[in-house]
Amino acid sequence: MAAAVKDINLDPTFADIDRSVRAIMEPPGLRYWLWIGFLLALTLTGGALWTNQIYNGLQVTGLGDPVMWAVYITNFVFWVGIAHSGTLISAILYLFRTRWRTAVYRAAETMTIFAVATAGLFPVIHLGRPWFFYWLAPYPNQRFLQPDFRSPLTWDFFAISTYLTISSLFWFTGLIPDVANVREIATGWRKKFYTIVALGWQGSDRQWRHFSMAYLLLAGLATPLVLSVHSVVSWDFAMGQLPGWHSTIFAPYFVAGAIFSGVAMVLTLLIPMRWVMGLEDLITPWHLDNLAKVILLTSLVVSYSYIVESFMAWYSQDPIELMTFHMRYFGPWGWMFWVMVACNCVIPLLLFSPRIRTSTVPLFIITIFVNIGMWFERFVIIAGSLATNFEPSQWRFWHPSITEMGITVGAFAWFLMLFSLFARFMPIISMTELKEGITWLKQALRQGYAKAA
Amino acid sequence: MSAEVELVGAFADEERLVHCIGQLKAAQTRFRVFSPIPSHHINSAIYTRSSFVRWFVLLGGITGIVTAFMLTIGTSLEWNLVTGGKPIASIAPYCIIGFELMVLFGGISALTSWILLANLPTFEPLSGYRPRFSSDEFGLVVRCAEADAERFESVLRDAGAQEISREAA
């Protein structure tokens, strides 16, 4: 780190910020396109497996009674959860005027959009006849389908579509001044593209006046939305009678888990991006430290939720509930539960160390563990509870199929490909907000590199 | 009546610009500011009232709530099947949809209203705009009679404008 500190300008100007962000957007080299090609190949493989599934039906998956929801719904909940931290960082921390958000919020928001776009694929992939996907939309119709607005699945449709729309609007609004900035130095097709996206923004007092009010109100609208969306997702399960699902703790438990996994994913993306794109002068160890503290806090909340959930099963003395939890810990899928506990409750405790919170390699490894742990958490809750439901004679444990695993890998590749493309062609760091809080950036640089310098 | 001109002053400093805005307001002349960042100081120096965007958002939010209850209650009455022993029109669960559509309609209203009120999209540059005003400098464009141009040039210069140019309005 000390070698890098020599090159870092601890007293940047507006022009320095522009120069750093515009440098990321230089035409990429061969290695970048190889990376994109690799991700595209994996995405297409996932697409081919899905095509095969459409042709042959859901028999090519490991799904079967009683485990009708497994990897696809796990992926859906996982990606919706990942999407949460973006709006948390961009909207909630904006309202609280949190200083460290400015450098990282655009990346987090971008991650949100692409994570919701990935999550939205899975309810459709999960369908046996995906060409009837529009039957999911609850509206009065002539198809003898009753749109039941009392169903949590219907609430989920409204929650996810609202979340995707509002996150996209918030993201797009924030992008406009930055795109106008890069428009001024772009040439060729890029200039035309940025001119259209920026809508002709020039930063006049009139434009800023209405922009600022809209941005504030969008943040205000997005804040309760963040809390509501994952609560609604949790009610997909909690409203059911199934042991392991039917619990009042699910909404806060899912929201905390979503923020936990989402912030971990932000760091999983930011740490390599900071290294590859040379963003040490904009994303400092101070920013990483603060994000790591959020992971630590939410890890403790999630751990507490696991304890309370188990306590409530024991306290109920309901034999079916007790057996479900016994199977969760010690059944054939018990190893998944313990992987989840290790990744989500034990490993994040390392973040109590300030040295680890500011060391990129250990921090990156911890975030990978958190991502793995949170995926398993979703799976344990969803598929684990279904596998060991009321009737032991019906118990059946799902086995993974190549199709489900391939589509899951393809979804990760699709998400990373979208993020990588955005990071090179659009301003992945908000120049406008960094300049607005330039004194905070200088403070972050001094604090972040004080020890190394 | 003498011809009008526009004076374009470039500022490196927000504080000096705000000071200059105060003087121009006192002189009751027309001006426009360009800024690379959103500035509460600039906004409150120019405007005394908040943006109308908030009223559009309120209207959008109310429309969302009304739409949600019309959709849910109306559809339930049309498909009057009792499920789970619950009332045909179950208000409590419909509040969730009411909340979601309030946010959705309010957010869409926020975006459309600020874009329209800001006169966007526009692909013609506003007079006096310079690309560097989107990057690292603040711009102040004063429209005045040619006879007053020298007086306002000195106001801009005294306020700390780094560069002043004169253009036909």
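Residues numbered from 1 in each chain as written. Chains lettered and ligands numbered in written order. Predicted model: local features only at pLDDT ≥ 70, side-chain atom pairs only at ≥ 80, totals over all residues.

Peer 1: Break down the overall build of chain B for me, with residues and values.
Peer 2: Within chain B, the regular secondary structure consists of 5 helices and 4 strands. Beginning at the N terminus, the succession of helices and strands in chain B can be written as β-α-β-α-α-α-β-α-β. Taken against the 2.2 N^0.38 rule, which gives 15 Å for 169 residues, the C-alpha radius of gyration of chain B at 25 Å runs more than 25% over that of a compact globule. In chain B, which comprises 169 residues, the share counted as buried stands at 38%. Taking the contacts inside chain B whose residues are at least 6 apart along the sequence as the reference set, 81% of them involve residues at least 24 apart. (Helix = DSSP H or I, 4+ residues; strand = E, 2+ residues; numbered from the N terminus. Rg over C-alpha atoms; globule rule 2.2 N^0.38 Å. Buried ≥ 20, exposed ≤ 12 C-beta atoms within 10 Å, placed from the backbone. Contact = placed C-beta atoms within 7 Å.)

Peer 1: Lay out the interface of chain A and chain B in plain terms, naming residues and giving numbers.
Peer 2: Across the boundary between the two partners, chain A contributes 47 residues, which contact 54 residues of chain B. Listing elements by their share of the side of chain A that touches chain B, those giving two or more residues are helix 2 (14-24), helix 7 (152-183), helix 9 (205-238) and helix 17 (431-436) of chain A. When the residues that make up the side of chain A that touches chain B are grouped by side-chain class, the tally is 22 nonpolar, 16 polar and 9 charged. (Nonpolar A, V, L, I, M, F, W, Y, C, P; charged D, E, K, R; others polar.)

Peer 1: An account of the confidence of the model for chain B is requested, with residue identities and associated values reported.
Peer 2: All names here are of chain B. Chain-level statistics for chain B give a pLDDT mean of 92 and a share of 99% at 70 or above. Mean pLDDT in chain B bottoms out at strand 4 (residues 163-168), which sits at 88, and peaks at helix 4 (residues 91-117), which reaches 97. Among the prediction metrics, the complex's ipTM stands at 0.94, with pTM recorded as 0.91. (pLDDT = per-residue confidence, 0-100.)

Peer 1: I'd love a proper account of the packing of helix 11 (residues 285-316) of chain A against helix 18 (residues 438-449) of chain A, names of residues and values included.
Peer 2: Residue and element names in this part refer to chain A. Interaxial distance between helix 11 and helix 18 falls to 7 Å at its minimum, and their mutual angle equals 85°. Here helix 11 is positioned roughly perpendicular relative to helix 18, judged by the angle of their axes. Residues Pro285, Trp286 and His287 of helix 11 touch helix 18, and the partners they reach there are Ala444, Gln447 and Gly448. Classifying every residue of the contact of helix 11 with helix 18 gives 3 nonpolar, 3 polar and no charged. (Axes fitted to C-alpha atoms, helices over the stretch in contact; angles between N-to-C directions. Parallel < 35°, antiparallel > 145°, perpendicular 65-115°, else oblique.)

Peer 1: Now, about the nonpolar core: what can you tell me, with residues and values included?
Peer 2: Core analysis: the largest hydrophobic core is formed by 144 residues, its most contacted members being Val104, Ala214, Leu218 and Val266 of chain A. In terms of residue count, the dominant contributor to this core is helix 9 of chain A (17 residues). (Core = buried A, V, L, I, M, F, W, Y, C linked by C-beta atoms within 7 Å.)

Peer 1: So what's going on with the pairing of strand 3 (residues 138-145) of chain B? Residues and values would help.
Peer 2: All names here are of chain B. Across the 8 residues that make up strand 3, a large majority, 6, are buried. Sheet topology places strand 2 (residues 30-34) next to strand 3; 5 bridges connect them, and they run antiparallel. Bridging across to strand 3, Val33 finds its partner in Leu140. (Pairing = 2+ DSSP bridges.)

Peer 1: So what about the sheet that holds strand 1 (residues 4-11) of chain B? Which residues, and what values?
Peer 2: The strands making up a sheet are joined through hydrogen bonds of the backbone, oriented either antiparallel or parallel. Residue and element names in this part refer to chain B. Taken together, the 4 strands give an open sheet; going across it, the order is 2-3-1-4, and neighbouring strands pair in antiparallel fashion. Across the chains shown, the open sheet's two edge strands, defined by having one partner strand only, are strand 2 and strand 4. Neighbour-to-neighbour, the strand axes of this sheet turn through a mean angle of 20°, independent of strand direction. Contacting strand 1, strand 2 and strand 3, helix 1 (residues 14-26) runs over the sheet at an angle of about 20° to strand 3. Contacts between helix 5 (residues 149-159) and the sheet are confined to strand 1, strand 3 and strand 4, with strand 1 contributing the most and set at about 10° to the helix.

Peer 1: Which residues make up the pairing of strand 1 of chain B, and what values go with them?
Peer 2: Residues and elements named next belong to chain B. Two strands pair when backbone bridges link them, and strand 1 and strand 3 are joined in this way by 8 bridges, in the antiparallel orientation. Paired with Glu4 across the bridge in strand 3 is Ala145. Bridge count for strand 1 against strand 4 is 6 bridges, and the pairing is antiparallel. Paired with Leu7 across the two strands is Arg166, which belongs to strand 4.

Peer 1: Can you tell me about the domain arrangement of chain B, naming the residues and giving the values?
Peer 2: By a widely used convention, the size of an interface equals the accessible area lost when the partners come together. Looking at chain B, the domain boundaries give domain 1 (4-49 + 127-168) and domain 2 (53-117). Once you take the C-alpha centre of each, domain 1 of chain B and domain 2 of chain B turn out to be 45 Å apart. (Domains from an automatic or database assignment.)

Peer 1: Could you give me a rundown of the environment of Leu445 of chain A, with the residues and numbers involved?
Peer 2: Residue and element names in this part refer to chain A. With respect to the helices, strands and loops of the structure, Leu445 is situated in helix 18. Leu445 sits 267 residues away from Asp178 along the chain, and the two C-alpha atoms are 22 Å apart. Here Leu445 is in contact with Ile8, Leu10 and Thr284, once residues within four sequence places are set aside.

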